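Per-entry structural report
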Amino acid sequence: MIRTVWLWIMTAAAMAAAQDKPPDPLAALEQAAERRTSEWDTLAKGLELRISRLLPCDPRVRSAIEEVGRASDLRLVALQQYFQAAVARAKDQTEAVKRLLASQEALGKDADADRTDAEQEGAGIEGQLVNLAESVRRRVALAEAQQALEGLREMTRQRGAQNERRQDQAAALGTMLAAMVAAYQSRQAALEGEMSAMSAEGTRWSAYYAARLARADTECSITNPDAQARPRPRPPQQKKGKQ
Amino acid sequence: MLAALCAFAQTPRDDYRTAYRNWRQADATLESDSGAGGAAIGERANRVAAAATQYGAARSAFLNAMAADVGQSASGLANAALAVPSPLESTKILADRVTAELATVGRDIETYASDADPGIQQLRQALERERLALGALSGAIAERDKIAGAAQDRTTAADQAHRRASDGYRDFTAALKQEAAQIDRETAAWTAYYQKLADGAQRAIEVPPPQPAPIPPSIKEEPPARAVPAPFVTPLPLLRYTGAWVYPTVNGLYHGPQPEFIDLVVHEDNGRANGTLFGRFKLAPGVSGDAELRFDFSGDFKNARNQTFALETSDGAKGTMDLIPGPAFNLLEVNFQTEARAGKIRQGNFVLVKK
């Protein structure tokens, strides 16, 4: 008659629901950044070897440097996107913990209500005990009830002590959450700092590839001024990022 | 999560406070009057016991609701768990590459330093600009490395704070549940107390009162002492049906709605049964309605193993209840069904253990 098999069905349904969880967008951005970094790394490592075998005015020199520069830009854009998402998530998490802290503080303010209730219950039982003691003098058969009521007084006291411990735990939890908010804010600031540093480094990488390209042009111009490849302006950085 | 917090803000203390007032005001002179004795005390005690049970249920429900909300906040905290950002790339490799490039460019500059050829000088200047760019890049990489290290440290610190708070939530939720369980035990003890009060008021035995014994940490109720043993009208002893029964807190057996708790009291008087069942059930996710159920029942004991009695719920629905003695002496299966009422539990089947 008792079909506990339903428990298994419900457990299986809960597990199936958990498997439907959408993929983490931050992980996707992280993978994209790693892919761009790997592409740039492969090109950058082989750049000097590739162009050392070419004549100074060979157009492939310029295109090789530009290709690495573009890969560098794409990598930096991907890293920026990853850090923007990481910072946004850190901010959301900080806000979520702040809300938890606020609710915990509200609980702490409610502690007095529990104490008042416990005192009221204790007083109620004391009153019953006084009244019952009078009755026990007249009717000894009520002594069992008296014992039971004394047991209830003790149980209520025990619960009062439990309640006090719970209030202490609530206060400790509030302290932990406050520390957590501070730690999350600090982490969020650190991630924002890392994002800014990444942006600054990106500017330096662009400047380096521009200088490297200028050197290649100079090498061509002094080797063969007439055949110097016409310098082509590099496209704007934003457009490269979208390639 | 915010919704959970708002829901908690609405969790009412009013329910249990009203129930407490009702209980305390139900019969303020019951204990004083019990000394006079009489059958009327029994009826009055039953009424007050019902009010005490209602208060216990409301108080327990309040604490369980708080525990559920705190548990939900704790799961919200799990969502704020940190995925420590893995270092996307090694700044050391970048720094090494830039350092190597700086060395190469530096050597070229040295090579061309003493060459006065204008073209070579032009090249040397281009190399100088490249070296400057590499130097700036090297500094930027070092700066980012420092900042990334600090970010990792702070992420680790935040992760530790998260773990501590998770532990704090777990302890706090456990404390709330323990307190709710204690309330449930007290509620059962109040029922037993009022039963003893009623029995004592009706008993005519005058013996010296026993000295109050040390109070045990947990109250175990004995079946009410009876001056006269109950007559057997059933094939099994009446004690297989009568007394106080509860739904076990672990490994409970049920079919249909899952009970959270059940308190059943069955009395027998001259071959006639009466009693009360009070319980709360777990509603399926997404299902709204009244999870609590209370009904009184009565009827004659029959010469049959399974006993069936008529019941009436607190909101007037009628129905029947079967009491089926279990395989062990302290087990009793209950099967009930009532008229349909919107949002109300109307049937249940579970096994109770004797208190």
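Model, not experiment: these values are computed from the prediction. Once a new chain begins, its residue numbering starts again from 1 and follows that chain's sequence as written. Chains carry letters from A onward and ligands carry numbers from 1 onward, assigned in written order. A pLDDT threshold of at least 70 governs which residues receive local features in this predicted model, and a stricter bar of 80 or more applies before side-chain atom pairs are shown or counted, although totals over entire chains, interfaces and linings include all residues.

Helix and strand assignments come from DSSP, with helices taken as H or I runs of at least 4 residues and strands as E runs of at least 2, each series counted from the N terminus. A count of helical and extended segments in chain B gives six helices and nine strands. Residues with at least 20 other C-beta atoms within 10 Å of their own are called buried, those with 12 or fewer are called exposed, and the rest are partly exposed. The C-beta atoms themselves are positioned from the backbone. Looking at chain B residue by residue over its 355 residues, the buried ones come to 37%. Within chain B, contacts between residues at least 6 apart in sequence are counted, and of these 64% link residues at least 24 apart. Contact between two residues is assigned when their C-beta atoms, built from the backbone, lie within 7 Å.

Here we take up the overall build of chain A. Within chain A, the regular secondary structure consists of six helices and zero strands. Its helices and strands in sequence order give chain A the pattern α-α-α-α-α-α, from N to C terminus. When each of the 243 residues of chain A is scored for burial, the buried share is 33%.

Here we take up the confidence of the model for chain A. Residues and elements named next belong to chain A. For every residue, the predictor reports its confidence as pLDDT, a number between 0 and 100. Summary statistics for chain A give a mean pLDDT of 83 and a share of 84% for residues scoring 70 or more. Between the elements of chain A, mean pLDDT differs from a low of 36, seen in helix H1 (residues 5–19), to a high of 93, seen in helix H5 (residues 143–223). Every residue in residues 1–19 scores below 50 in pLDDT, and together they form nine contacts with partners more than four places removed in sequence or on other chains. Contacts for the low-pLDDT stretch residues 231–243, under 50 throughout, to residues beyond four places or in other chains number 13 contacts.

Further remarks concern the environment of Leu100(A). The topology assignment puts Leu100(A) in helix H3 (residues 59–109). Between the alpha carbons of Leu100(A) and Leu177(A) there is a distance of 7.5 Å; along the sequence they are 77 residues apart. Residues in contact with Leu100(A), not counting those within four places in the same chain, are Leu177(A), Ser73(B), Gly76(B) and Leu77(B).

Take unusual backbone geometry next. The phi torsion at Asn270(B) lies on the positive side, around 55 degrees, for a residue other than glycine. For Asn270(B), a count of 9 C-beta atoms within 10 Å corresponds to the exposed category.

Accessible area lost during the coming together of the parts is what is often quoted as the interface size. Listed per partner, the contact involves 80 residues of chain A and 82 residues of chain B. At the level of elements, helix H2 (25–52), H3, helix H4 (111–138) and H5 of chain A are the ones that each hand at least two residues to the side of chain A that touches chain B. With 49 residues, H5(A) is the largest single contributor of residues to the side of chain A that touches chain B. Three classes are used: nonpolar for Ala, Val, Leu, Ile, Met, Phe, Trp, Tyr, Cys and Pro, charged for Asp, Glu, Lys and Arg, and polar for all others, with Gly counted as polar. In the side of chain A that touches chain B, the residues fall into 42 nonpolar, 18 polar and 20 charged.

Residue and element names in this part refer to chain B. Bridging between strand E1 (residues 243–246) and strand E9 (residues 347–354) involves two bridges; their strand directions are antiparallel. Within the sheet, the bridge partner assigned to Val246 lies in E9 and is Val353. The pairing criterion is simple: DSSP has to find at least two bridges between the two strands. Relative to E9, strand E2 (residues 254–255) runs antiparallel, the two sharing two bridges. Residue His255 lies in a different strand from E9, and its bridge partner there is Asn349. Sheet analysis places strand E8 (residues 331–338) next to E9, joined by seven bridges and oriented antiparallel. Within E9, the position partnered with Leu332 by the bridge is Leu352.

This brings us to the confidence of the model for chain B. Residues and elements named next belong to chain B. Of all residues in chain B, 85% attain a pLDDT of 70 or more, and the chain-wide mean is 83. Taking the mean pLDDT of every element in chain B, the minimum, 41, falls on helix H1 (residues 2–9) and the maximum, 94, on helix H3 (residues 30–34). When the criterion is pLDDT under 50, residues 1–11 qualifies, and its contacts beyond four places in sequence or with other chains add up to 20 contacts. Within the model, the stretch residues 205–231 combines pLDDT values under 50 with 34 contacts to residues more than four positions away or in other chains. Our summary of model confidence lists the complex with pTM equal to 0.61 and ipTM equal to 0.74.

This part is about the nonpolar core. Counting 130 residues, the largest nonpolar core has Leu177(A), Met180(A), Tyr193(B), Tyr194(B) and Leu352(B) as the members making the most contacts within it. Here this core takes 28 residues from helix H6 (residues 118–202) of chain B, the largest share from any one element. Among residues more than four places away in sequence, those in contact with Met180(A) are Val97(A), Ala161(B), His162(B) and Ala165(B). We call a set of buried Ala, Val, Leu, Ile, Met, Phe, Trp, Tyr and Cys residues a nonpolar core when their C-beta atoms link them within 7 Å.

Moving on, we get to the pairing of strand E3 (residues 258–269) of chain B. Residue and element names in this part refer to chain B. Most of E3 sits inside the fold, with nine of its 12 residues counted as buried. When E1 meets E3, the two strands line up antiparallel, connected through four bridges. Its bridge partner lying in E3, Val246 is registered against Asp263. Sheet topology places E3 next to strand E4 (residues 272–282); 11 bridges connect them, and they run antiparallel. Bridging across to E4, Gln258 finds its partner in Lys282. The turn linking E3 back onto E4 is made up of two residues, and Asn270 within it adopts a positive phi angle of 55 degrees.

A few words now on the packing of helix H5 (residues 91–112) of chain B against H6(B). Residues and elements named next belong to chain B. Packing of H5 against H6 brings their axes to within 9 Å, and their N-to-C directions diverge by 160 degrees. The angle between H5 and H6 places the two elements in the roughly antiparallel class. Judged by the sense of rotation from one axis to the other, the crossing of H5 with H6 is left-handed. For the contact of H5 with H6, the residue count by class is 15 nonpolar, five polar and eight charged. Lines fitted to the C-alpha atoms define the axes, with helices restricted to the stretch that makes contact. Angles between their N-to-C directions range from 0 to 180 degrees. Comment on the angle field: the value is read as roughly parallel under 35 degrees, roughly antiparallel over 145, roughly perpendicular from 65 to 115, and oblique elsewhere. By convention the crossing between two helices is left-handed if the near helix lies anticlockwise of the far one by an angle smaller than a right angle, and right-handed if it lies clockwise.

Let's shift gears to helix H2 (residues 14–26) of chain B. Residue and element names in this part refer to chain B. One fewer than the residue count of a helix, multiplied by 1.5 Å, yields its expected span. Taking 1.5 Å of rise per residue, 13 residues should cover 18 Å, and H2 covers 18 Å from first to last C-alpha, within 8% of that figure. Residues of H2 that are buried: Tyr16, Ala19, Tyr20 and Trp23. Down the axis of H2, the smallest arc covering the buried residues is 105 degrees, so these residues share one side. Residues of H2 that are exposed and point over 90 degrees away from its buried face: Asp14 and Gln25. What the arc describes is the spread of directions from the helix axis to the C-beta atoms.

This part is about the environment of Ala340(B). Note on placement: Ala340(B) falls in the loop between E8 and E9. In sequence terms Ala340(B) and Lys318(B) are 22 residues apart; their C-alpha atoms lie 9.1 Å from each other.

We now examine the packing of H4(A) against H5(A). All names here are of chain A. H5 packs onto H4 with a crossing angle of 170 degrees between their chain directions and a minimal axis gap of 10 Å. Comparing their axes, H5 and H4 come out roughly antiparallel. Facing Ala111, Asp114, Ala118, Glu121, Gly122, Ile125, Gln128, Leu129, Leu132, Ala133 and Val136 of H4, the residues of H5 in contact are Ala143, Ala145, Gln146, Leu149, Glu150, Leu152, Arg153, Thr156, Gly160, Asn163, Gln167 and Ala170. Its residues assigned to classes, the contact of H4 with H5 shows 12 nonpolar, seven polar and four charged.

Attention now goes to the environment of Gln258(B). Within the secondary structure, Gln258(B) sits in strand E3. In this structure, Gln258(B) is in contact with Phe281(B) and Lys282(B), ignoring residues within four places of it in sequence.

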